[in-house]
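Inside the fold
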Amino acid sequence: MTGRLGFWLAHLFVLAYCGVLLAGFVVQFGADELPCPLCILQRQAMILVMCGPLYIIGRARRGDVTLADYTMGYGMSIVAAVVGAGVAARQILLHIVPPDPGYGSAVLGLHLYTWSFITFCVVLVFCGVSLIFGRELVPRGVRFGWASKVVCGLFLVIVAANLVAVFFELGFHWFLPPDPTRYETFHGLPLLGAAAMSGGAVG
Amino acid sequence: MAILIFAVLLLAGWLTVRGSRRATVLVVWTVALCAVLAVFNHHMAAKLSLNF
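Summary of the structure given here. (Residues numbered from 1 in each chain as written. Chains lettered and ligands numbered in written order. Predicted model: local features only at pLDDT ≥ 70, side-chain atom pairs only at ≥ 80, totals over all residues. Heavy atoms only, no water.)

**Let's talk about the interface of chain B and chain A**
Taken residue by residue, the interface counts 33 residues in chain B and 42 residues in chain A. Buried area between chain B and chain A, summed over both chains or domains, comes out near 3500 Å², and the portion from carbon and sulfur atoms is 78%. Together, Phe6, Val17 and Trp29 of chain B form the three largest contributors to the area buried by chain B at its contact with chain A, with a combined 21%. Remark: the boundary between chain B and chain A carries seven residue pairs in polar contact (both at pLDDT 80 or more). Counting only elements with at least two residues in the side of chain B that touches chain A, the list comes to α1 (2-17) and α2 (22-47) of chain B. Here the side of chain B that touches chain A takes 14 residues from α2 of chain B, the largest share from any one element. (Contact = heavy atoms within 4.5 Å. Buried area = accessible area lost by both parts, 1.4 Å probe. Polar contact = N/O pair within 3.5 Å; in protein donor to acceptor, adjacent residues only side chain to side chain. Helix = DSSP H or I, 4+ residues; strand = E, 2+ residues; numbered from the N terminus.)

Laid out in C-alpha cells, this is it:
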C-alpha cells in the first residue's frame, strides 16, 4: 500500500510543478508580462527538480524501483531545489528595499519569484520527508501505465513549450536583457517591420 | 544560452521518462544544472555583485 503511495506521490509532485509552470505561462501570455533572465533560470531549476520524481516513475518501466533509484530521484530534486531557491532569493533581494515595486505584478499579494522561493522550500521539505520514510515509500508492485504516460507527456510538452517561448523572447541573441520589453524574434522579422511601415503610411 | 539549456533539459527529461540508465540520466542532468549555474553566475556579475 505505501509502495503505491510513494509512486503516486511522485506523479502528484510532477503534476503540481507542471501546474506552476503553466501558471507562469498564463501570467506571461495572459497579462503580457515577459519573464526576466532570473525568472527563466527559476523555470529551468523547476524542470531540473521534476527530473527527480520522473526518474522514479521512469524506472518503473524496467521493473521494480529500488531504494537506490528512489533516493537518487529525490536527491536530484533536493540539489536542483537548492539552486532554484538561490536564484529566487537573489531576485527577492534585488527588489526587497522599498520603494522598489518589484518585477512584474503580484499574485495573491506576493511576486512570482517569492512564490517560486516558497515552492522550492516545499520541495525541500517534501523530499526530506520522502527520504525519511524511503524504505516504506519506495514503489513496489507498480507498473508504468496510462497515468504515468500522461504525466510524462505533459512534462515533455511543457519543456518543449518553454523552449519555443524562450526562443520567441530571446531571438538570436546569446543572453536575455535584464528587463526584457519585447519578443526579439518577432521584432527582428523584416516582414512584420514592412507591414508596420505600410500601416503607418496608410494611417 | 537559455534555448540551449532548455534543449538539454528536454533531452534530460526524455531520457529520464524512458527509464534510461542511472549514469546517462545523471550526466545529462548535471550538464544542464552546471549550465544553469553558469548563466546565474553571469547575471550575478553583470547586474549587481554582492558583498559577503
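**Let's talk about the state of the cysteines**
All names here are of chain A. As enumerated under the stated definition, the model contains zero disulfides over all chains in all. Summary of cysteine pairing: cysteine 127 is not part of a disulfide, and the nearest cysteine sulfur, belonging to cysteine 121, is at 12 Å. For the unlinked cysteine cysteine 152, the closest cysteine sulfur is that of cysteine 18, found at 9.5 Å. Classification of cysteine 152 as buried rests on a relative accessible area of 4%. (Disulfide = S-S within 2.5 Å. Buried < 20%, exposed > 50% of the residue type's maximum accessible area, 1.4 Å probe, protein only.)

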